[in-house]
Amino acid sequence: MTEEKAVRVVITGAASGIGLSVAELLAADGGAHQLLLADRDADGLAAAAAKIGAAAAICVVDLSDNDCGDVIIAAAIAHMGGIDAVVSNAGIIAAGALVDLEPEDFDRIYAVNTKANWALAKAAYPHLVASKGAFVATASMSASQPTPGLGFYSSSKAALLMLVRQLALEWGKDGIRCNTVSPGPTYTPMTKTGYDDAERRAQRESMIPLGKLGMAEDVANAILFLIGRGAGHITGIDIVVDGGMSNNLMPATGAGTGQAASK
Ligand code: NAD
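Residues numbered from 1 in each chain as written. Predicted model: local features only at pLDDT ≥ 70, side-chain atom pairs only at ≥ 80, totals over all residues. Heavy atoms only, no water.

Engineer: Please clarify how the sheet that holds strand β6 (residues 177–183) should be interpreted in this entry.
Structural biologist: A sheet is described by the order of its strands in space; here 7 strands give the open sequence β3-β2-β1-β4-β5-β6-β9, paired in parallel fashion. A strand with exactly one partner marks an edge of an open sheet, and here the two such strands are β3 (56–60) and β9 (238–241). When the angles between neighbouring strand axes are averaged without regard to direction, this sheet yields 15°. As paired elements, strand β2 (residues 34–39) and β3 share 5 bridges and run parallel to each other. By the bridge assignment, leucine 35 is partnered in β3 with alanine 56. Packing of helix α4 (residues 103–131) onto the sheet brings it into contact with β1 (8–12), β4 (85–88) and β5 (134–138), and relative to β4 it is tilted by some 165°. Along the sheet face, helix α5 (residues 151–171) touches β5, β6 and β9 and points at about 160° away from the line of β6. (Pairing = 2+ DSSP bridges. Helix = DSSP H or I, 4+ residues; strand = E, 2+ residues; numbered from the N terminus. Axes fitted to C-alpha atoms, helices over the stretch in contact; angles between N-to-C directions. Contact = heavy atoms within 4.5 Å.)

Engineer: Help me understand the packing of aromatic side chains, please; the structure alone is not making it clear to me.
Structural biologist: The relative placement of two aromatic rings is captured by the distance of their centres and the angle of their planes. Enumeration according to the criterion identifies 3 aromatic pairs in this entry. With 5.3 Å between their ring centres and 90° between their planes, phenylalanine 106 and phenylalanine 152 make a pair best called edge-to-face. Remark: phenylalanine 152 occurs in helix α5 and phenylalanine 106 occurs in helix α4; sequence separation between them is 46 residues. Since its relative accessible area comes to 10%, phenylalanine 152 is described here as buried. With a centroid separation of 4.7 Å and an interplanar angle of 35°, the aromatic rings of tyrosine 125 and tryptophan 171 are classed as tilted. Here the residue tyrosine 125 occupies a position in helix α4, and tryptophan 171 occupies one in helix α5, the gap between them amounting to 46 residues. Of the aromatic side chains, those joined through ring pairs into one cluster are Phe106, Tyr110 and Phe152. The residue whose ring lies beneath arginine 201 is tyrosine 187, and the NZ or CZ to ring-centre distance is 5.2 Å. (Phe/Tyr/Trp six-rings, centres within 6.5 Å; stacked < 30°, edge-to-face > 60°. Buried < 20%, exposed > 50% of the residue type's maximum accessible area, 1.4 Å probe, protein only. Lys NZ or Arg CZ within 6 Å of the ring centre and 35° of its normal.)

The structure is reproduced here in structure tokens:
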């Protein structure tokens, strides 16, 4: 398995949830990987690094800063000497109707969910050229489905999807593969409060054909596939990790029930 995967990996949002799961799965894979874990949560990063050991170095950084990409990549090169894969995973939510949100909300959400991914990719570019590496960003099912109360989130993730497809187009000549994963409802610290409400969780799970929320590891495994050699001819795509939910939106309309067949 080790030979199938990248070995020097940068992960953002690595203190929690999906990013932490990517780090833990890589660390459990025979100790062959070196990791640079980036996040703004210094305590969470320290806890993650303590679990993983010497393979991991940390970078405390705010992804809404314009120099975040340079800061992270400098730390990665100091620790690992090169980069085989970037997992650009951190993201944030701003809830509210579009009519109520403010320009500051727009700037904050788009800075982290969209711009930081580009900044990180740009800073990593020469190193990914050298390794013919991979870039994977975490988008969302909301990138393709308007989501009540999450208009800045969904649109920032939609922009991210296209940004990464664009990177795939521009960097194919360099042998760099660029892809996204789009989680559906996934149980992580980001969503824990909502899904610890049994009624809400049951309602959400009733809409998922596989009958359960995703877990961080479900999404992390898709990310590992995309950075690994098994995905060596795959670029510019989005893997939706949603238990089938995005194919299950029409039944709620009742379409097809009680309807006479066409003659
Ligand atoms: P999480 O909150 O557990 O982890 C996100 C991490 O990003 C945290 O450690 C946080 O500190 C870090 N982060 C946030 N803003 C930052 C900033 N400005 N600078 C540096 N670090 C920052 O959430 P998660 O569920 O693991 O989310 C990971 C990704 O998956 C996000 O991009 C999220 O939008 C996406 N996603 C999650 C779900 C879900 O249901 N959990 C669904 C779709 C998409």
